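The lines below spell out each chain.
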Amino acid sequence: MRGLLSTLLLALNTVVLGTILLAFAVIKLLLPLHAVRRPVDHVLNAIAERWIGNNGVWIALAQRVQWRVEGLDPLRYGGWYLVESNHRSWVDIFVLQKVFNRRIPMLKFFLKRELIYVPLIGICWWALDFPFMKRHSEAYLKKHPEKRGEDQQTTRRACEKFSLVPTSVMNFLEGTRFTPHKHQQQGSPFQHLLRPKAGGIALALNAMGEKFQSLLDVTIFYPQGTPTLWDLMSGKIRQVVVLVNELPIPREFIQGDYGGDPAFRARVQAWVHGLWEEKDRTLENLRRQYAAG
């Protein structure tokens, strides 16, 4: 019953606020002028933040979560942030939205292009300027080389829009949720993480690195094990740990050709690898700490 009630509240919240958001999305579509776009974007983001706030209410009603959140104090709502995190579950998105809501600008995720067809939500994501990416296999790119670089162009166009309004660009560097099977299949050198993909973060830095004031390195840990979305709905999550580490972005990474300069690409990958080594140590320390009680 608790899970069904949570699902109903989430659906109601989405339909009501999504419908209001769509009205402003129509204005944005019909009047794509800078003078109109900026105030409309502020309204759209405010509606989305209200949706996130309402979700926080039903999450609190569904379960008594012991939250351990560190590193939020220095952050400010009016800045531009590049955010990266490990990825364990669909629950991560609700956790990140709840933790960061109104502490930094709204998180904008890179989404698969197919998600734009999700009823109501897809159009809302479009109105909020969430970038939709279309991934091509290497075999496809060999047959259609003209498609190579398509995602880079999408990223640059999205980041140009982000430069108008304070924004937090969110990237799960692993590219997918962690599972033991994926970990083994990759031969990941990390104990608790998949291999990170540095390309997305490099493109974001190249497109609007001058705007980002810092990188937020986020580590998510669930002491009772990785939860499912239904666990969140039905109130089965008891502890959530979110550690936020604000780091300077190396200036050398703001200008560079990640795709065409092997030396530059190697430096960015080494930097990301170092972040992942530290995150892996943090996750292992958390595992030992909570295992010890």
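Above: the structure in question.
Asker: Looking at this structure, how should I read the sheet that holds strand β8 (residues 239–247)?
Answerer: Within a sheet, each strand pairs with its neighbour through backbone hydrogen bonds, oriented either parallel or antiparallel. Spatially, 6 strands are ordered β1-β8-β7-β2-β6-β3 in an open sheet, and the strand pairing comes out mixed. Sheet topology places β1 (66–70) and β3 (107–109) at the edges, where each strand pairs with a single neighbour. Neighbour-to-neighbour, the strand axes of this sheet turn through a mean angle of 25°, independent of strand direction. Pairing analysis gives 5 bridges linking β1 to β8, with the strands arranged parallel. Across the sheet, the residue bridging to Val-69 is Val-242, located in β8.

Asker: How should the environment of Gln-63 be read in this particular structure?
Answerer: With respect to the helices, strands and loops of the structure, Gln-63 is situated in the loop between α2 (34–62) and β1. Its relative accessible area of 4% is what places Gln-63 among the buried residues. Once the C-alpha coordinates of Gln-63 and Gln-153 are considered, the two residues, 90 residues apart in sequence, prove to be 42 Å apart. Setting aside residues no more than four positions away along its own chain, Gln-63 makes contact with Asp-231, Leu-232, Gly-235, Lys-236, Ile-237 and Arg-238. Only 2.9 Å separates the side chain of Gln-63 from the backbone oxygen of Leu-232, close enough to count as a polar contact.

Asker: Please clarify how the packing of aromatic side chains should be interpreted in this entry.
Answerer: Any two aromatic rings considered together are summarised by their centre-to-centre distance and by the angle between their planes. Applying the stated criterion across every chain, the model contains 6 aromatic pairs. Between Phe-109 and Phe-130 the ring centres are 6.4 Å apart and the planes differ by 25°, which places this aromatic pair in the stacked class. Here Phe-109 is found in strand β3, whereas its partner Phe-130 is found in the loop between α4 (121–127) and β5 (132–133), with 21 residues between them in sequence. A network of ring pairs unites the aromatic residues Phe-109, Phe-130 and Phe-172 as a single cluster. Lying over the aromatic face of Trp-80, Lys-211 brings its terminal NZ or CZ to 4.2 Å of the ring centre.

Criteria and thresholds
Residues numbered from 1 in each chain as written. Predicted model: local features only at pLDDT ≥ 70, side-chain atom pairs only at ≥ 80, totals over all residues. Heavy atoms only, no water. Pairing = 2+ DSSP bridges. Helix = DSSP H or I, 4+ residues; strand = E, 2+ residues; numbered from the N terminus. Axes fitted to C-alpha atoms, helices over the stretch in contact; angles between N-to-C directions. Buried < 20%, exposed > 50% of the residue type's maximum accessible area, 1.4 Å probe, protein only. Contact = heavy atoms within 4.5 Å. Polar contact = N/O pair within 3.5 Å; in protein donor to acceptor, adjacent residues only side chain to side chain. Phe/Tyr/Trp six-rings, centres within 6.5 Å; stacked < 30°, edge-to-face > 60°. Lys NZ or Arg CZ within 6 Å of the ring centre and 35° of its normal.

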